[in-house]
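Structural overview for review
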Amino acid sequence: MASPNWPAKSRVVFGVLDVIAAAVIAIGVFLGLPARWLPVDVCAGLLVVLLAGAGIGLLRDASWSESLARIAARVVLVLGLLFFALASSSVSYLYGIYGAVGRGGATLFILIAALAFPYLFALPVTELLWLGPHKVGKQIR
C-alpha cells in the first residue's frame, strides 16, 4: 500500500504521469528517431509497456498496480541512469575529439538529456518514495 502520508489523489496523479511518460517515450523513440536500432527499441518498448501498465493499474485501483508501479519505477530508473551515463560519455567524446565541430552534437545530447530527466529520473524516484518500502508477508513482532 502506498504511503499514508501522501494525499489520496496521488494514486491518480501517478497513474496519469505514468501513462504520459509511456506516451512520450513511445512518440520520442518510435516516431522521433529516424533509424531503428534493436537495443534502443527493446528498452523503449519495455519502458512503454511497464509504464502504461502501471499507469492504467493505478488509475483503475487494481490490486497488482503498486507492485507493477514499483517494478516499472525501478526499471525506468536503471535504464534512465544508463541513458544519462551514455549521453554524458557521448558529449565528452564529441567535444574532446571534434572540438568546435563536435560542440553542436554535444549541445544536442545535453538538450536531449535535459528533456529526458523528468521522465527517466525525477518521476521514478518520486514514485518510489510515494510507494514506500515493499512489505513482504506479515511482520513478526
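Above this text sits the structure in question.
Before going into details, it helps to say that this report is about the structure given with it.

Calculation criteria
Throughout this document, residue positions are counted from 1 along each chain, in the order its sequence is written. In keeping with the model being predicted, local features are shown solely for residues with a pLDDT of at least 70 and side-chain atom pairs are shown and tallied solely at 80 or more, while totals for entire chains, interfaces and linings include all residues. Derived side-chain values reflect all non-hydrogen atoms in the structure, with water molecules and hydrogen atoms excluded from consideration. Of the two site types, the cavity is a set of points on a 1 Å grid over the protein atoms alone where a 1.4 Å probe fits but cannot get out, and the pocket is an open set with protein on both sides within 12 Å along at least five of seven lines, each lined by residues with an atom within 4 Å of a point. Grid points are joined across faces, edges and corners, and a volume is the space filled by probe spheres set on the points. Where helices and strands are cited, they refer to DSSP runs of H or I of at least four residues and of E of at least two residues respectively, numbered from the N terminus. Three categories are distinguished: nonpolar for Ala, Val, Leu, Ile, Met, Phe, Trp, Tyr, Cys and Pro, charged for Asp, Glu, Lys and Arg, and polar for the others, with Gly belonging to the last. Each pair of aromatic rings taken from Phe, Tyr and Trp, with Trp reduced to its six-membered ring, is defined by centres within 6.5 Å and is described as stacked if the planes are under 30 degrees apart, edge-to-face if over 60, and tilted in the remaining cases. Each residue gets one of three labels from its accessible area relative to the maximum for its type: buried under 20%, exposed over 50%, partly exposed in between, using a 1.4 Å probe on protein chains only.

With that out of the way, let us pick up empty space enclosed by the protein. Counted by the stated rule, this structure contains one cavity of 30 Å³ or more. One number sums up the size of the largest cavity: a volume of about 40 Å³. Residue lining of the largest cavity: Asp-18, Leu-51, Ala-69, Ala-72, Ala-73, Val-76, Tyr-119, Leu-123, Pro-124 and Glu-127, and that is the complete set. Breaking the lining of the largest cavity down by element, the ones donating at least two residues are helix H3 (65-98) and helix H4 (102-131). A class-by-class count of the residues in the lining of the largest cavity yields eight nonpolar, no polar and two charged.

Inspection of every chain in the model, using the stated rule, returns five aromatic pairs. Centroid distance Phe-83 to Phe-84: 5.5 Å. Interplanar angle 65°. Geometry classified as edge-to-face. With relative accessibility at 28%, the residue Phe-83 sits in the partly exposed group. Plain terms: the ring middles of Phe-84 and Phe-117 are 6.1 Å apart, the flat faces sit at 55° to each other, and that makes the pair tilted. One end of the pair, Phe-84, is in helix H3; the other, Phe-117, is in helix H4, and 33 residues separate them in sequence. A relative accessible area of 16% places Phe-84 in the buried class. Phe-117 sits in the partly exposed class, given a relative accessible area of 41%.

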